[in-house]
Amino acid sequence: MCIRDRYGKYGLVAIGQHIGDDAETRSLNNLKQHMDISGINYAVIQDPSHDNGYTQNTRYLPVFFLIDRQGHLRYQQVGGVNPALEETIITLLNETAGE
């Protein structure tokens, strides 16, 4: 079960970022087709020029950003899901549970 499925009911919102390595994988139509085939049903930012990645100082994928409801970046992690990421998600969700 992915973290979006596990914590979405508590307010976690997932947004993906797609960069693409070449013209074929940067195609919006190909991205939409891949999302359909893969069952991706959350928003995905297409970033073929890497502008968003450079703004966030991301050099590696996958990367997770946890942004609170006020729009502040609270956590950034390169790599897959691990206990530190999940602990931070739970902490942030608990902070906003009464909102």
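One structure accompanies this document, and this report is about it. (Residues numbered from 1 in each chain as written. Predicted model: local features only at pLDDT ≥ 70, side-chain atom pairs only at ≥ 80, totals over all residues. Heavy atoms only, no water.)

Quick word on the nonpolar core
In step 1: Judged by nonpolar contacts, Ile3, Tyr7, Leu12, Leu66, Tyr75, Leu85, Ile89, Leu92 and Leu93 together constitute the single largest core of 9 residues.
In step 2: Elements that contribute at least two residues to this core include exactly α1 (3–7) and α5 (83–95).
In step 3: If one sorts the elements of this core by residue count, α5 sits on top with 4 residues.
In step 4: Every residue in contact with isoleucine 3, bar those within four places of it in the chain, is listed here: Gly8, Leu12, Phe64, Val81, Leu85, Glu86 and Ile89. (Core = buried A, V, L, I, M, F, W, Y, C linked by side-chain atoms within 4.5 Å. Buried < 20%, exposed > 50% of the residue type's maximum accessible area, 1.4 Å probe, protein only. Helix = DSSP H or I, 4+ residues; strand = E, 2+ residues; numbered from the N terminus. Contact = heavy atoms within 4.5 Å.)

Some thoughts on a nonpolar patch on the surface
In step 1: Taken together, the side chains of Val13, Ile15 and Ile45 make up a nonpolar region of the molecular surface, amounting to roughly 300 Å² of accessible area.
In step 2: Mapped onto the elements, isoleucine 45 comes out in strand β2 (residues 43–46).
In step 3: Note on isoleucine 45: relative accessible area 38%, which makes it partly exposed. (Patch = residues over 30% accessible without salt bridge, like charges linked within 9 Å, V, L, I, M, F, W, Y side chains within 5 Å. Areas by Shrake-Rupley, 256 points an atom, 1.4 Å probe, with all protein chains shown as cover. Salt bridge = Lys/Arg side-chain N within 4 Å of Asp/Glu carboxyl O.)

What to know about the side chain of aspartate 47
In step 1: By secondary structure assignment, the location of aspartate 47 is in the loop between β2 and α4 (51–55).
In step 2: Within the buried set, aspartate 47 has no salt-bridge partner at all; the shortest N-O distance to an opposite charge, 9.1 Å, is to arginine 26.
In step 3: At 2.9 Å, the side chain of aspartate 47 forms a polar contact with the side chain of glutamine 17.
In step 4: With residues up to four places along the chain from it excluded, the contact list for aspartate 47 reads Gln17, His18, Ile19, Asn52 and Gly53. (Lys, Arg positive; Asp, Glu negative; His and termini not counted. Polar contact = N/O pair within 3.5 Å; in protein donor to acceptor, adjacent residues only side chain to side chain.)

Focus on the environment of asparagine 57
In step 1: Mapped onto the elements of the fold, asparagine 57 is located in the loop between α4 and β3 (63–67).
In step 2: It is 19 Å that separates the C-alpha atoms of asparagine 57 and alanine 14, two residues lying 43 residues apart in sequence.

Let's talk about helix α3 (residues 28–38)
In step 1: For α3, the side-chain oxygen to backbone nitrogen distance between the N-cap and asparagine 29 is 3.3 Å, and the N-cap itself is serine 27.
In step 2: Immediately downstream of α3, the backbone of glycine 39 shows phi near 75°, a positive value.

Considering α5
Residues that lie three or four places apart on an α-helix share one face, since the helix turns once every 3.6 residues.
In step 1: Helix length check: α5 (13 residues) gives 18 Å between terminal C-alpha atoms against 18 Å at 1.5 Å per residue, within 8%.
In step 2: Considered for burial, the residues of α5 that qualify are Leu85, Glu86, Thr88, Ile89, Leu92 and Leu93. All buried residues of α5 fall inside an arc of 160° around its axis, so they share one side. Of the exposed residues in α5, the ones pointing more than 90 degrees away from its buried face are Pro83, Glu87 and Asn94.
In step 3: On the buried face of α5, the contacting elements are α1, β3 and β4 (73–78).
In step 4: Its side-chain oxygen 3.0 Å from the backbone nitrogen of alanine 84, asparagine 82 forms the N-cap of α5. (Expected span 1.5 Å × (residues − 1). Arc of directions from axis to C-beta.)

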